[in-house]
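Letter by letter, the chains look like this.
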Amino acid sequence: MAPRPIKLAILGATGRMGTRVKELAKRGDSGFSIVGRWSGGEGLSAILQLAEVAIDFTPPDATSAIVEACSGTSCALVSGTTGRSAADEAAIVELGEGCAVFVASNMSPVVALLSQLIEHAARALPEFDIEISETHHSGKRDAPSGTAITLGGAASRGREEVLGDVAIRGDGPRSAGDIGFSVRRGGNVIGDHEIAFFGPHEQLTLCHRAQDRDLFAAGALKAATWLVEQSPGVYGMQDLLRQAV
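Quick look at the structure, then. (Residues numbered from 1 in each chain as written. Predicted model: local features only at pLDDT ≥ 70, side-chain atom pairs only at ≥ 80, totals over all residues. Heavy atoms only, no water.)

Some points on the overall build of the chain
Turning to step 1, where the next piece is worked out: Regarding its fold elements, the chain presents nine helices and 11 strands.
Turning to step 2, where the next piece is worked out: The C-alpha radius of gyration computed for the chain amounts to 19 Å, which stays within 12% of the reference 18 Å derived for 245 residues, consistent with globular compactness.
Turning to step 3, where the next piece is worked out: Taken along the three principal axes of its C-alpha coordinates, the chain extends 60 × 40 × 35 Å.
Turning to step 4, where the next piece is worked out: Counting only residues that meet the buried cut, the chain has 47% of its 245 residues in that class. (Helix = DSSP H or I, 4+ residues; strand = E, 2+ residues; numbered from the N terminus. Rg over C-alpha atoms; globule rule 2.2 N^0.38 Å. Buried < 20%, exposed > 50% of the residue type's maximum accessible area, 1.4 Å probe, protein only.)

This is the structure in structure tokens:
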């Protein structure tokens, strides 16, 4: 007998990512049954009461409404929203005290693996300069992207630094130990990220280029399948990777 489909709510259902999640979840072999879609306005609490898990790709200003609606329900939350305020990030952590929450700036397991490689390289190459460049479509709101910041965080962890203390944005000179960020916006680019380590005589470059937005939608659905089996807490793509290894 086939397992019962997981009851899914899609938040930000009319956006780029919400649309792709919807299309993949509608497939007969997806393992999901869509019980509600929300893109703002009323009805969020009622939808989450029906769902076992919600996938959230809303703008960051919807976070407070989502946290409030999730609180007190048994609905797990997978969130790919980036650009949240510190207060909203803290609210997400508090939500994890009562339900399972999965947060990732990028839903690609390969990007999570890239983070591990960057952390290792930054630790092994302490004298190298680090530059992170990213390109997204012209409508991308946060700059640098959440993924770029996550990758920068991996580099700073490798050097036992706080990213906010060493991050430099835009053009201009760099000092030893800085992690530089540069941003481009244009066209329909899904997401390109490049991390370069510059030494005195050689250069190491690690990069990821997304070729289809469905890879993020599939990653979110994979996270949702995993999350419904977890205890309350806040999880991320590295937790999912550890289970897969």
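Considering the layout of surface pockets
Turning to step 1, where the next piece is worked out: Considered as a void within the structure, the largest pocket measures approximately 740 Å³ in volume.
Turning to step 2, where the next piece is worked out: What lines the largest pocket is a set of 31 residues, and nearest its centre among them are Met 17, Phe 57, Thr 82, His 137 and Lys 140.
Turning to step 3, where the next piece is worked out: Of all the elements in the fold, those that place two or more residues in the lining of the largest pocket are α1 (16-25) and α6 (146-158).
Turning to step 4, where the next piece is worked out: Its residues assigned to classes, the lining of the largest pocket comprises nine nonpolar, 17 polar and five charged.
Turning to step 5, where the next piece is worked out: Residue lining of the second largest pocket: 30 residues in total, with Val 103, Ala 104, Ser 105, Gly 146 and Thr 150 positioned closest to the centre.
Turning to step 6, where the next piece is worked out: Elements with a contribution of two residues or more to the lining of the second largest pocket: α4 (86-95), α5 (109-124), α6, β11 (233-235) and α9 (237-244).
Turning to step 7, where the next piece is worked out: A total of five residues in the lining of the second largest pocket trace back to one element, the largest contributor, which is α6.
Turning to step 8, where the next piece is worked out: Across the lining of the second largest pocket, the residue classes break down as 13 nonpolar, 12 polar and five charged. (1 Å grid on protein atoms, 1.4 Å probe; cavity = no way out; pocket = protein on both sides within 12 Å on 5 of 7 lines; lining within 4 Å. Points joined across faces, edges and corners; volume = space filled by probe spheres on them. Nonpolar A, V, L, I, M, F, W, Y, C, P; charged D, E, K, R; others polar.)

A closer look at the nonpolar core
Turning to step 1, where the next piece is worked out: Ranked by internal contacts, the top residues of the largest apolar core, which has 33 residues, are Ile 55, Val 78, Phe 102 and Met 107.
Turning to step 2, where the next piece is worked out: Counting residues per element, the ones that place at least two in this core are β1 (6-11), α1, β3 (53-56), β4 (76-79), β5 (100-103), α8 (214-227) and α9.
Turning to step 3, where the next piece is worked out: Looking at this core, the element that brings in the most residues is α8, giving eight residues.
Turning to step 4, where the next piece is worked out: Beyond its immediate sequence surroundings of up to four residues, Phe 102 is in contact with Leu 77, Val 78, Ser 79, Met 107, Ala 223, Trp 226, Leu 227, Tyr 235, Gly 236, Met 237 and Leu 240. (Core = buried A, V, L, I, M, F, W, Y, C linked by side-chain atoms within 4.5 Å. Contact = heavy atoms within 4.5 Å.)

So, the packing of aromatic side chains
Turning to step 1, where the next piece is worked out: For the structure on display, the rule yields two aromatic pairs.
Turning to step 2, where the next piece is worked out: Ring plane angle 90° and centroid distance 5.3 Å describe the contact between Trp 226 and Tyr 235, whose orientation is recorded as edge-to-face.
Turning to step 3, where the next piece is worked out: Owing to a relative accessible area of 18%, Tyr 235 belongs among the buried residues under this scheme.
Turning to step 4, where the next piece is worked out: Through a chain of ring-to-ring contacts, three or more aromatic side chains come together here, namely Phe 102, Trp 226 and Tyr 235. (Phe/Tyr/Trp six-rings, centres within 6.5 Å; stacked < 30°, edge-to-face > 60°.)

Thoughts on the side chain of Thr 135
Turning to step 1, where the next piece is worked out: In this fold, Thr 135 is placed in strand β6 (residues 129-136).
Turning to step 2, where the next piece is worked out: Judged by its relative accessible area of 13%, Thr 135 falls in the buried class.
Turning to step 3, where the next piece is worked out: One polar contact links Thr 135 to Arg 184, side chain to side chain, over a distance of 3.2 Å.
Turning to step 4, where the next piece is worked out: When neighbours within four sequence positions are excluded, Thr 135 is seen to be in contact with Arg 184, Arg 185, Val 189, Gly 191 and Asp 192. (Polar contact = N/O pair within 3.5 Å; in protein donor to acceptor, adjacent residues only side chain to side chain.)

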